[in-house]
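Fold and contact review
Below are the chains, spelled out letter by letter.
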Amino acid sequence: SRPFVEDLVIVKSAWGELRYTGPRLSVFEEDVFLAVLALIEEPREKLQVEVQGKPTTAWIGPIRQILRLMGLTDGSANYSRVRRALKLMRATTFEIALKSGRVNGCGLIAGYDLDPKTGRDRITVDPVFYELYSRGSVTRLDVERRAKLPGAVAKCLYRFIMSHKRDKW
């Protein structure tokens, strides 16, 4: 079972704060999301769409591509884990509350459509998140390197180090 987190302040700064509401996510969900973000950088698997009038991107392909990128086998247990990860990520909300009083909310993914018979699965990234994300991107190389790390702690440390532009934190 996952605890539900409400209004967890992730970052607080002079510009305002970023808050999270939703189920507590694990490193596995992070791995799935990073794999999707890396896959949408490949033009042949990327589909430009609109969600509520805002441009965003959807990835179309078989879930096994996500599993391979994560370094996992194409078994039914792993497929179920990815499906559960998508469900949990769909239930998330981020709020960016600016000092001006303006509040902007978004999730991680706007929706998903899984069809294991055809292998044409579709995962659509939330348009507000995609706008923020597109300013900096996740490469396939980053995700493949991360998948080779042994365990969740190593992956968290890798994320922390890679999130800094210089060698100081």
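Our subject is the structure listed above.
Here we summarise the structure given alongside this text. Given the structure is predicted, the values throughout are model-derived calculations rather than measurements.

Let us look at the sheet that holds strand β3 (residues 46-51). Taking strand neighbours across the sheet as the criterion, the four strands line up as β3-β4-β8-β7 in an open arrangement whose pairing is antiparallel. Two strands close off the open sheet at either side, each with one partner strand: β3 and β7 (109-113). Here the strands of the sheet are splayed against their neighbours by 25° on average, with no regard to which way each runs. Along the sheet, helix α3 (residues 76-90) contacts β7 and β8 (121-125); its crossing angle with β7, the most-contacted strand, is approximately 145°.

Right, let's get into the sheet that holds strand β6 (residues 103-106). Through backbone hydrogen bonds, the strands of a sheet pair up, either in parallel or in antiparallel fashion. With antiparallel pairing, the four strands of this open sheet are ordered in space as β1-β2-β5-β6. Here the strands that pair on one side only, and so sit at the sheet edges, are β1 (4-13) and β6. The sheet shows a mean angle of 15° between the axes of neighbouring strands, direction not considered. Of the strand pairs in this sheet, strand β2 (residues 16-23) and strand β5 (residues 93-98) are connected by six bridges, and their pairing is antiparallel. If you follow T21 over to β5, its bridge partner there is T93.

Going through the model one piece at a time under the given rule, you end up with two aromatic pairs. Consider the rings of Y20 and F94, whose centres lie 5.2 Å apart with planes at 55°: the pair is tilted. In this pair, Y20 is assigned in strand β2 and F94 in strand β5, connecting sequence segments 74 residues apart. Ring geometry for F33 and F129: centres 5.2 Å apart, planes at 65°, overall edge-to-face. Residue F33 is found in helix α1 (residues 27-39), and its partner F129 is found in helix α4 (residues 127-133); the two are separated by 96 residues along the sequence. Seen from the ring of F28, R81 lies directly overhead, with NZ or CZ sitting 3.8 Å from the centre.

Cut-offs and rules
- Residues numbered from 1 in each chain as written.
- Predicted model: local features only at pLDDT ≥ 70, side-chain atom pairs only at ≥ 80, totals over all residues.
- Heavy atoms only, no water.
- Pairing = 2+ DSSP bridges.
- Helix = DSSP H or I, 4+ residues; strand = E, 2+ residues; numbered from the N terminus.
- Axes fitted to C-alpha atoms, helices over the stretch in contact; angles between N-to-C directions.
- Contact = heavy atoms within 4.5 Å.
- Phe/Tyr/Trp six-rings, centres within 6.5 Å; stacked < 30°, edge-to-face > 60°.
- Lys NZ or Arg CZ within 6 Å of the ring centre and 35° of its normal.

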